[in-house]
Amino acid sequence: MGVLSGKEVVLGVTGGIAAYKACEIVRELRKESANVRVILTASGAQFITPLSLQTLSKNPVVMDLFNLISESEIGHISLAQRANLVMIAPATANIIGKIRSGIADDMLSTVVMATNAPVLLAPAMNAQMYASAAVRENLSVLRERGFHFVEPDEGELACGTVGPGRLADGGKIMEMARIVLSEKPLAGRKVVVSAGPTAEHLDPVRFLSNRASGKMGFAMARTACRFGASVTLVSGPTSLPDPPFLRTVRVRTAEEMFTAVTRAAEDADAVVMCAAVADFRAKGAAPRKIKKEGFDYRVELAPTVDILESLGKNKGSRALVGFAAETDDLARNAVEKMRRKNLDAIVANDVSRTDIGFESDNNEVRIFFPDGEVRDLPLCTKDGIAVGVWLALDGKLFRR
Ligand code: PMT
């Protein structure tokens, strides 16, 4: 169950060309089982119809502060009080200015003033307006007051200008909503997470690698970010896009992953190695494509650097956590790796199963600790497993 599930979300839609994108946000919120109440401003209604938003949200769209029927059914104070989150996407310069100045002259500005819920604004406007002194100052005052923001994207705007002002991608806005609503057990922590495979080149065309889509490691990184940590994700080659609101370092080889992880680990509280680092590389990769003609099909291999083992030799106060991909004798092999690499915990998954482990959206894991404690996390999504792993690590490693 995701963090938005069962939450009351008020979505304010104001008057900009990006108002149509609110439909997608409503759908995403509904997909995550949030109850969505849309407030459409008068200018928002110039760009999108209440019927679209009502159909998608499955709730009446509220527009008029002084409408006797809607006010008696869901009054503005009740909307404000019941909300777990108020989002405004797109948020125009006008609504931002009104909120900053304490003007409450329509349903949306009144609800924002009357709510105790966190308020998340996704500004969208012309680039010059966004750069204007008034908007800059309003945003900075609202930030100080604890409002949350998703900065607009850069690009060509509907008015023809190019620059920052385009409503942020819906995925980014949704992720910020999850961040805002998540508990913060890792606040103040710095963590490094590795993900994906590494690729060890035989020549510029061929490489040795491991199976790994990166999904488990990306879920660990996203979840740590939602839990308030400052996160560096070091990822081998995957098709997954960089997750928003955290630092992603892309690498290819085990050696590059070693350099990036050890550098980021210097001031980290925890390193979690979820990557399936290739164990072998070709001794002396060919600088040019190996021709099939005359090739004897022998490749001499050399071991890659063991990143965790190296970090385990000079641990300091950092927590070191490994993942173990096992096909048999899971507990014995995982515990042996934990001891050999001097780890504080190891998360083991059975990669012989096709419903979990490599590439799957789901996983099921056993977490082993050096004191003999074992925690079992039953089959669920990789995001759910990541929540369980971080909570287990937090309770066991960070509070001692
Ligand atoms: O990416 P997905 O498709 O979502 O799949 C997720 C996963 C199955 C890859 C993931 O859950 C997982 O099990 N990751 C660990 C894979 C692995 O390499 O396991 P291992 O048992 O070979 O290694 C043990 C630990 O040592 C791991 O933390 C690994 O990152 C680390 N290691 C291994 C080799 C090496 N040279 N350096 C290392 O640091």
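Being a predicted model, the structure only gives us computed values, none of them experimental.

Quick notes on the rules
- Residues numbered from 1 in each chain as written.
- Predicted model: local features only at pLDDT ≥ 70, side-chain atom pairs only at ≥ 80, totals over all residues.
- Heavy atoms only, no water.
- Helix = DSSP H or I, 4+ residues; strand = E, 2+ residues; numbered from the N terminus.
- Buried < 20%, exposed > 50% of the residue type's maximum accessible area, 1.4 Å probe, protein only.
- Contact = heavy atoms within 4.5 Å.
- Lys, Arg positive; Asp, Glu negative; His and termini not counted.
- Charge placed at Lys NZ, Arg CZ, Asp CG, Glu CD.
- Near = heavy atom within 4 Å.
- Polar contact = N/O pair within 3.5 Å; in protein donor to acceptor, adjacent residues only side chain to side chain.
- 1 Å grid on protein atoms, 1.4 Å probe; cavity = no way out; pocket = protein on both sides within 12 Å on 5 of 7 lines; lining within 4 Å.
- Sits in = over half its atoms within 2 Å of the grid points.
- Axes fitted to C-alpha atoms, helices over the stretch in contact; angles between N-to-C directions.
- Parallel < 35°, antiparallel > 145°, perpendicular 65-115°, else oblique.
- Left-handed = near helix turned anticlockwise from the far one by under 90°.
- Domains from an automatic or database assignment.
- Buried area = accessible area lost by both parts, 1.4 Å probe.
- Salt bridge = Lys/Arg side-chain N within 4 Å of Asp/Glu carboxyl O.
- Phe/Tyr/Trp six-rings, centres within 6.5 Å; stacked < 30°, edge-to-face > 60°.
- Lys NZ or Arg CZ within 6 Å of the ring centre and 35° of its normal.
- Pairing = 2+ DSSP bridges.

Engineer: Mind showing me how you'd approach the overall build of the protein here?
Structural biologist: Summing up its helical and strand segments, the protein has 14 helices and 19 strands in all. For the protein, the C-alpha atoms occupy an extent of roughly 80 × 50 × 35 Å along the three principal directions. The buried share of the protein, reckoned over its 400 residues, is 50%. Long-range contacts, defined as pairs at least 24 residues apart, comprise 65% of the intrachain contacts of the protein with a sequence gap of at least 6. Looking at the protein, you have 50 positive and 47 negative side-chain charges, and the mean spots of the two groups are 2 Å apart.

Engineer: What am I meant to see in the site of the ligand here?
Structural biologist: In the vicinity of the ligand there are 28 residues, among which Ser 213, Lys 337, Asn 349, Glu 359 and Lys 382 approach most closely. Within the backbone of Lys 215, an N or O atom sits 3.4 Å from an oxygen atom of the ligand. Measuring from an oxygen atom of the ligand, one finds a backbone N or O atom of Ala 325 at 3.3 Å. The pocket occupied by the ligand, as judged from atoms lying within 2 Å of grid points, is the second largest pocket. Going through the elements one at a time, helix 10 (215–226), helix 12 (307–312) and strand 16 (319–326) are the ones with two or more residues in the shell around the ligand.

Engineer: What am I meant to see in unusual backbone geometry here?
Structural biologist: Leave glycine aside and you will find that most residues have negative phi; peptide bonds, for their part, are mostly trans. With omega at 0°, the peptide bond leading from Ala 89 into Pro 90 counts as cis. One can find Pro 90 in strand 3 (residues 85–91). We note that Ser 33 has phi near 65°; this positive angle belongs to a residue other than glycine. Mapping Ser 33 onto the fold places it in the loop between helix 1 (22–31) and strand 2 (35–40).

Engineer: I would appreciate a short explanation of the packing of helix 10 against helix 14 (residues 382–398) in the present structure.
Structural biologist: Relative placement of two packed helices is described by the angle separating their axes and the distance separating the axes. Running from N to C, helix 10 and helix 14 cross one another at 55°; their axes reach a closest spacing of 8 Å. Viewed along their axes, helix 10 and helix 14 adopt a mutual orientation that is oblique. For the element pair helix 10 and helix 14, the recorded crossing hand is right-handed. For the pair helix 10 and helix 14, the contacting residues are Lys 215, Met 216, Ala 219, Met 220, Arg 222, Thr 223, Ala 224 and Arg 226 in the first and Lys 382, Asp 383, Ile 385, Ala 386, Val 387, Val 389 and Trp 390 in the second.

Engineer: Looking at this model, I keep getting lost on the domain arrangement of the protein. Mind explaining?
Structural biologist: When the parts of a complex come together, some accessible area is lost, and that lost area is often taken as the interface size. When the domains of the protein are assigned, the result is domain 1 (8–181) and domain 2 (190–398). Placing a centre on the C-alpha atoms of domain 1 and another on those of domain 2 gives a separation of 39 Å. Between domain 1 and domain 2, the residue contacts involve six residues of the former and five residues of the latter. At the boundary of domain 1 with domain 2, total buried surface from both sides reaches about 550 Å², with 74% on carbon and sulfur atoms. A per-residue breakdown of the area domain 1 buries against domain 2 is headed by Lys 172, Glu 175 and Ile 179, which together make up 73% of the total. Linking domain 1 to domain 2 there are one salt bridge. The partner of Arg 226 in a salt bridge is Glu 175, and the shortest N-O contact between them spans 2.8 Å.

Engineer: When you look at the packing of aromatic side chains in this model, what are you seeing that I'm missing?
Structural biologist: Under the criterion given, the structure shown has one aromatic pair. For the cation-ring pair, Lys 396 lies above Phe 369, with the distance from its terminal atom to the ring centre recorded as 5.2 Å.

Engineer: Please clarify how the sheet that holds strand 16 should be interpreted in this entry.
Structural biologist: Two pairing modes exist for strands in a sheet, parallel and antiparallel, and in both the strands are linked by backbone hydrogen bonds. Judged by pairing direction, the sheet is mixed, and its eight strands sit side by side in the order 12-11-8-13-16-17-18-19 without closing on themselves. With one partner strand each, in any of the chains shown, strand 12 (247–250) and strand 19 (374–381) form the two edges of the open sheet. Taken pair by pair, the neighbouring strands of this sheet meet at an average axis angle of 15°, ignoring direction. In this sheet, strand 16 lies alongside strand 13 (residues 270–273) in parallel orientation, the contact comprising four bridges.

Engineer: Explain the pairing of strand 11 (residues 230–235) to me, please; I cannot follow it from the model alone.
Structural biologist: Across a regular strand the side chains alternate sides, sitting on one face of the sheet and then on the other. With five of six residues buried, strand 11 is to be regarded as a mostly interior element. Bridge count between strand 8 (residues 190–195) and strand 11: six bridges; the pairing is parallel. Its bridge partner lying in strand 11, Val 193 is registered against Leu 233. Here strand 11 pairs with strand 12 via four bridges, running parallel. Considered in strand 12, the bridge of Thr 232 is made with Arg 247.

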